[in-house]
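A look at the structure
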Amino acid sequence: MKIVRAFKTELDLNNQQKSACARHAGAARFAYNWGLARKQEAFVHGEKRPSAIDLHRELNVLKKTELSWMYAVSKCAPQEALRDLDKALAHFFRRVKEKQAGRNVKVGFPRFKSKKRGLGSFRLTGAIHVFEKAIQLPRLGKLRLKECGYLPTSGVHMLSATVREKGGRWFVSLQVEMEIPDPVRGEKPVAGVDLGIHRLAQVSDGIYFENPRALKNAQTKLKRLQRVVSRRQKGSANHQKAVRQLARAHLQVANIRKDALHQATTYLAKTKSAIMLEDLNVSGMMAREACFAHHHLAQAIADVGMYEFRRQLAYKGQWYGCEVFLANRFFPSTKRCSQCGQEKAVSLAERVYACERCGQVIYRDLNAAAYMRIDLEQLFYS
């Protein structure tokens, strides 16, 4: 089976290489903003919007006069940025049509990119070579890797490499096309999985994954760093230093959450033949709790990463032969007893489900996961 997969790792750059990467990111940011302004100008004058190819031709003409500094970077950086702009506009118009059709989706026109929100990223294609301790990119040469032996060096087709700056650190994401063995279902069991705040994921067989609560545990540090940023004079060296410290703290929170999600989803995809999850409206849950002044609960829901859990499980299930099913959004998994099927109202504060009919006393999330497993077995083996 042929799949497209991404490998991301950190780069170990010297000052000269950091400056070169910053120039490439700046060129990509400039091309994106310039292309967006050109498209808006064409719309105002009633002209046809120029495509990414048209804009790239115009940019090549400007390089000879006004934008000679762009010869210092790879032509791929601005070219791929203009392609990203076309994709952003296509997604915008798609969401507009979905909104007109009555779907509850967010519609936002593409914004101009600002250096204040980070140096950004750029994507390169063409001659990309990976070694055990380094990666060779067009116009940038060999860049050392902090993690050796992780990126694939052979047996794959290199599609692109995206270099991004986050919290003062540079990362490369390598997109490759590779061949993997066809997944075999085998005799692996099926399972129901209940996502929550108290525990990240409760599996019907009793295994559970703890919620790291990365954002909650870092709140004190983040608030302190944010106060330091607000007290520094804008534009000063100390202000820039404080911003970098805050960005590194946010990056650490994101990495802790991402690590927990990857460990849980990989284990489930490798050990289960089928999994049932709830089709949760996460954005609706957060908006409702925020509307009811339960801001801390809305923040806790966002800290879990429920949609990311579902997204990772979906593509990893294709790799390892695990089918992922979604229960109906109004499926009463929490209210119904997994042993006798009796349904009763359960408040959010109740962590133990006690059935009045059969007398079963069970952990609330485990009961929900067990009931989803029963429903999945009826669907899977019928």
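Residues numbered from 1 in each chain as written. Predicted model: local features only at pLDDT ≥ 70, side-chain atom pairs only at ≥ 80, totals over all residues. Heavy atoms only, no water.

What to know about the packing of helix H1 (residues 15–44) against helix H3 (residues 76–100)
Applied cut-off: Inter-axis angles, ranging from 0 to 180 degrees, are taken between N-to-C directions of lines fitted to C-alpha atoms, where helices are fitted over the stretch in contact. Numbering goes from the N terminus for both helices and strands, where a helix is a DSSP run of H or I of at least four residues and a strand is a run of E of at least two. Orientation categories follow fixed angle ranges, with anything under 35 degrees roughly parallel, anything over 145 roughly antiparallel, 65 to 115 roughly perpendicular, and all other angles oblique. In a left-handed crossing the near helix is turned counterclockwise from the far helix by less than a right angle, and in a right-handed crossing that turn is clockwise. Any pair of residues with heavy atoms lying within 4.5 Å of one another is described as a contacting pair. Each residue gets one label: Ala, Val, Leu, Ile, Met, Phe, Trp, Tyr, Cys and Pro are nonpolar, Asp, Glu, Lys and Arg are charged, and the others, such as Gly, are polar.
Contact geometry of H1 with H3 gives a least axis separation of 8 Å together with a crossing angle of 45 degrees. The angle between the axes of H1 and H3 places the two elements in the oblique class. By crossing handedness, the relation of H1 to H3 is classed as right-handed. Each of His24, Ala27, Ala28, Ala31, Tyr32, Gly35, Leu36 and Lys39 in H1 lies in contact with H3, whose residues at this interface are Ala77, Pro78, Ala81, Leu82, Asp84, Leu85, Asp86, Ala88 and Leu89. Counted by class, the contact of H1 with H3 contains 12 nonpolar, 2 polar and 3 charged residues.

A few points about the side chain of Asp303
Defined as follows: Throughout this description, a polar contact denotes any pair of N or O atoms lying within 3.5 Å of each other; where both atoms belong to protein, one of them has to be capable of donating a hydrogen while the other can accept it, and for residues adjacent in sequence the pair is counted only when both atoms sit in side chains.
Inspection of the secondary structure puts Asp303 in helix H8 (residues 295–304). Of note is the side chain of Asp303, whose polar atom sits 3.5 Å from the backbone nitrogen of Lys216. In terms of polar contacts, Asp303 uses its side chain to reach the side chain of Arg257, at 2.9 Å. Setting aside residues up to four positions removed in sequence, Asp303 forms contacts with Arg213, Ala214, Leu215, Lys216 and Arg257.

Here we look at the sheet that holds strand E9 (residues 199–203)
The condition is simple: Any two strands with at least two DSSP bridges between them are considered paired.
Reading across from one edge, E10-E9-E8-E11-E12 is the order of the 5 strands in this open sheet, with mixed pairing throughout. The open sheet is flanked by strand E10 (208–210) and strand E12 (323–327), the only strands paired with a single partner. On average, adjacent strands in this sheet sit at an angle of 20 degrees to one another, irrespective of strand direction. Bridging between strand E11 (residues 274–278) and E12 involves 5 bridges; their strand directions are parallel. Bridged to Ala274 within E12 is Glu323. Its contacts with the sheet put helix H6 (residues 237–271) on strand E8 (190–195), E9, E10 and E11, and the angle it makes with E9 is roughly 10 degrees.

With respect to the packing of aromatic side chains
Cut-off, in case you're wondering: Note on aromatic pairs: the rings of Phe, Tyr and Trp (six-membered ring only in Trp) are paired at centre separations within 6.5 Å, and the planes decide the class, stacked below 30 degrees, edge-to-face beyond 60, tilted for the rest. Burial here depends on accessible area, computed with a 1.4 Å probe over protein chains only, as a share of the maximum for the residue type. Under 20% is buried, over 50% is exposed, and the range in between is partly exposed. Either the NZ atom of lysine or the CZ atom of arginine qualifies as a charge over a ring when it sits within 6 Å of the ring centre and within 35 degrees of the ring normal.
Evaluation of the coordinates by the stated rule reveals 8 aromatic pairs. Aromatic side chains Phe30 and Trp69 sit 5.5 Å apart centroid to centroid with 80 degrees between the ring planes, which places their arrangement in the edge-to-face category. Of the two residues, Phe30 is situated in helix H1 and Trp69 in the loop between helix H2 (52–63) and H3; the sequence distance between them amounts to 39 residues. Here Phe30 falls in the partly exposed class, since its relative accessible area comes to 30%. Aromatic side chains Phe92 and Phe109 sit 5.1 Å apart centroid to centroid with 85 degrees between the ring planes, which places their arrangement in the edge-to-face category. Taken as a pair, Phe92 in helix H3 and Phe109 in the loop between H3 and strand E2 (121–124) lie far apart in primary sequence, 17 residues in all. Directly above the aromatic system of Phe131 lies the positively charged group of Lys142, at a separation of 4.2 Å from the ring centroid. Across the ring face of Tyr353, the terminal group of Lys344 is positioned such that the distance to the ring centre comes to 5.2 Å.

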